[in-house]
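Given next are the chains, with one letter for each unit.
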Amino acid sequence: MEASGTFSASVSGTVVTVALLSLSACGGSDDPQASQFPTAAQACATLSGKTIGGATLSAVAVAASGAVPTYCKVNGTLAPKLNFEIRLPDAWNGKLHYAGGGGYNGSIPPVESALNALNQGYATASSDSGHQGSGVDASFALTDTFAAQLFGSLSIPTVMSTAIETVTAAYGQLPSKSYYEGCSNGGREGLMNVQRYPNLFDGVIARAPAYNWVGFMGAFNRTAKALAAPGGSFSPAKTALLAKAVRDACDGLDGIVDGVVSNQAACTPAVFDPASLRCTGGADTGDTCLSDAQLAVVTSWTTDAVFTGSPTFRNAGWSLTGNEDDPGAWPVWETGNGTVTNALQFLFQDTTVKNYLARDPNANSLTYAPWDQNQNALYAMAALNDATNANILPFANSGAKLILWHGGNDAALSKNSTAEYYNNAVAAVGGQAAADAFMRFYIAPGVNHCAGGPGADTADLLTALDSWATGKATPGTLTAQKLDPVSGAVQFERPLCQYPKYPRYTGPANDANAAKLASNYTCS
Ligand SMILES: [Ca+2]
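The structure presented is a predicted model; accordingly, all values stated were derived computationally and were not measured. (Residues numbered from 1 in each chain as written. Predicted model: local features only at pLDDT ≥ 70, side-chain atom pairs only at ≥ 80, totals over all residues. Heavy atoms only, no water.)

Undergrad: I tried to follow the coordination of the calcium ion on my own but got confused; where do I start?
TA: Angles between donor atoms at a metal ideally measure 109.5 degrees for a four-coordinate tetrahedral arrangement and either 90 or 180 degrees for a six-coordinate octahedral one. The protein atoms donating to the calcium ion are Asp251 (O), Asp251 (OD), Asp254 (OD), Asp254 (OD), Ile256 (O), Asp258 (OD) and Val260 (O), with metal-donor distances spanning 2.3 to 2.5 Å. Taken in chain order, the donor set of the calcium ion reads D-x2-D-x1-I-x1-D-x1-V. (Donors = N, O, S within 2.8 Å, 3.2 Å for Na, K, Ca; no water.)

This is how it looks when you write it as structure tokens:
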């Protein structure tokens, strides 16, 4: 723990600066040979027009711009239509990074999704996972069995094969380490790699993983139906009413009233009961109370959703956070600001019902009931998309490391479901000590789905993973930061605690500057 504390201190406060400076100075690597590798322009010249893995490569040098460094942009297509992109830095650190997708994929994630890796000198690969379209459109799964398999699990090992060969052709040697990093569906893809391809990566970062596809899609459907029920709709004022009531009751339970309920476990129904907001008589009488139909939405949100079939067909309910009203939380994911059909949870479950379950583009997801009626379809979707297998000993035995991360204000996917997977994995690999040898789980309070929200949403998990995988440092408590979106300056820090701990304020009272420092919190 001491060694890791030193490590996190060295990272804290300087993540962006270190990454940017090290690129120009020595390629972000302590490998003395890093500077001997070809530059991005030279790599482009080597690769342009070359055919690798059946894909004819285009390779274009991209000039540095803003936070994006100079890199060689390599594109190709694996038949029939799996489009990939590999970005090669100006000063390679000898390692390969893979950035996962989001939603139902359908496009190559932008370079910004891999910027931390690129700035540290990693070659970094991504793909559209084998079909082209909107991230909330699963119609490929209705008509294209192979595209559905690529989306489910096959695209990453397929692209990795070509990526490794491409990097080796560019630099003349195999990557010394390969790491995977992704959030949301990208987090699911990470766990899929861990479970089905345990030797593919030396380390995996799975953030806010959408690993229980059957379970959370069913929960999305249940909550969408509750919101669509007469009187169930949540206006911005209703969402703000609920969030403020939670904050008023629970914000200070972590030692500081900072707008974030970091100690969610203490925010029990005995401390805050949503029924305390009930409109007299149960009908909607205005913005100062919740109707019975709206309270039913809250119940759908906070309780586990359990479906017929496999024990893995379930989703742990969400915690109330006090930041439901953040623009990146309930408004975009759940309520659609009063129009449920605009909400992302509605859109995801709707395309899932149409293309995987009812297998009818005209099906109405809000009247499709019961949601678990088609067991064959549920099992088929689970076989394609679920990454619920907790026995990840093959991955652990390969020597690889896994970092799980989840935002505490994630209104898309429940952090409690990730905790459920973590606990299942701990049990399946033989207990806490065995798990600690290769797995970490961090929860970032006040952080929305993948990023954003009032909490400290930036942490250099890649450096923590690399230090672990290369035997330099075992990750303990890390440091998370909130950065100014324009300048990149650090606005405040928090310790990034290992589950089930949360950051408890121990600094001087009523001291705004002290409250910004991670050193004034302890993981409790
Ligand atoms: Ca607080």
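Undergrad: What is the right way to read the pairing of strand β6 (residues 96-99) from this model?
TA: One face of the sheet, then the other: side chains in a regular strand alternate in exactly this way. Residues Leu96 and Tyr98 of β6 are buried on one face, and the alternating residues His97 and Ala99, pointing to the opposite face, are buried as well. The sheet contact formed by β6 and strand β7 (residues 123-127) spans three bridges and is parallel. Within β7, the residue paired with tyrosine 98 across the bridge is alanine 125. Bridge count between β6 and strand β8 (residues 178-183): four bridges; the pairing is parallel. When the bridges of β8 are listed, alanine 99 appears paired with glutamate 181. (Buried < 20%, exposed > 50% of the residue type's maximum accessible area, 1.4 Å probe, protein only. Helix = DSSP H or I, 4+ residues; strand = E, 2+ residues; numbered from the N terminus. Pairing = 2+ DSSP bridges.)

Undergrad: I would appreciate a short explanation of helix α9 (residues 236-250) in the present structure.
TA: Because each turn of an α-helix spans 3.6 residues, side chains separated by three or four positions in sequence point in the same direction. In this model α9 runs 21 Å from its N-terminal to its C-terminal C-alpha over 15 residues, within 8% of the 21 Å that 1.5 Å per residue would give. Inspection of α9 places Lys238, Thr239, Leu241, Leu242, Ala243, Ala245, Val246 and Cys250 among the buried residues, and these make up the whole buried set. In the core, the buried residues of α9 are packed alongside α10 (292-302) and α11 (330-335). (Expected span 1.5 Å × (residues − 1). Contact = heavy atoms within 4.5 Å.)

Undergrad: Would you explain the packing of helix α8 (residues 213-228) against helix α12 (residues 344-357) in this entry?
TA: Helix-helix packing is described using two parameters, namely the angle between the two axes and the distance between the axes. Look at α8 against α12: their axes get within 9 Å of each other, and the N-to-C directions meet at 115°. As for the relative orientation of α8 and α12, their crossing is left-handed in sense. Contacts between α8 and α12 involve Met217, Phe220, Asn221, Thr223 and Ala224 on the former and, on the latter, Gln345, Phe346, Phe348, Gln349, Thr352 and Val353. For the contact of α8 with α12, the class distribution of residues is six nonpolar, five polar and no charged. (Axes fitted to C-alpha atoms, helices over the stretch in contact; angles between N-to-C directions. Left-handed = near helix turned anticlockwise from the far one by under 90°. Nonpolar A, V, L, I, M, F, W, Y, C, P; charged D, E, K, R; others polar.)

Undergrad: Explanation requested: the sheet that holds β7 in the structure shown.
TA: Note on sheets: strands pair through backbone hydrogen bonds, and any given pair is parallel or antiparallel. Strand order across the open sheet formed by nine strands is β3-β4-β5-β7-β6-β8-β9-β12-β13, with mixed pairing between neighbours. Of all the strands in the sheet, the pair left with one neighbour each is β3 (58-62) and β13 (439-444). Adjacent strand axes in the sheet meet at a mean angle of 15°, parallel and antiparallel pairs treated alike. Seen against the sheet, helix α6 (residues 145-171) touches β4 (71-78), β5 (82-89), β6, β7 and β8 and runs at an angle of roughly 40° to β5. Contacts from helix α15 (residues 415-428) reach β12 (401-407) and β13, with the element oriented near 160° to β13.

Undergrad: When you look at the environment of asparagine 409 in this model, what are you seeing that I'm missing?
TA: Mapped onto the secondary structure, asparagine 409 falls in the loop between β12 and α15. Residue asparagine 409 is classed as buried on the basis of its relative accessible area, which comes to 2%. For the pair asparagine 409 and alanine 329, spaced 80 residues apart in sequence, the C-alpha separation works out to 7.1 Å. Once residues lying within four places of it in the same chain are set aside, the contact partners of asparagine 409 are Thr321, Asn323, Glu324, Asp326, Ala329, Gly446, Val447 and Asn448.

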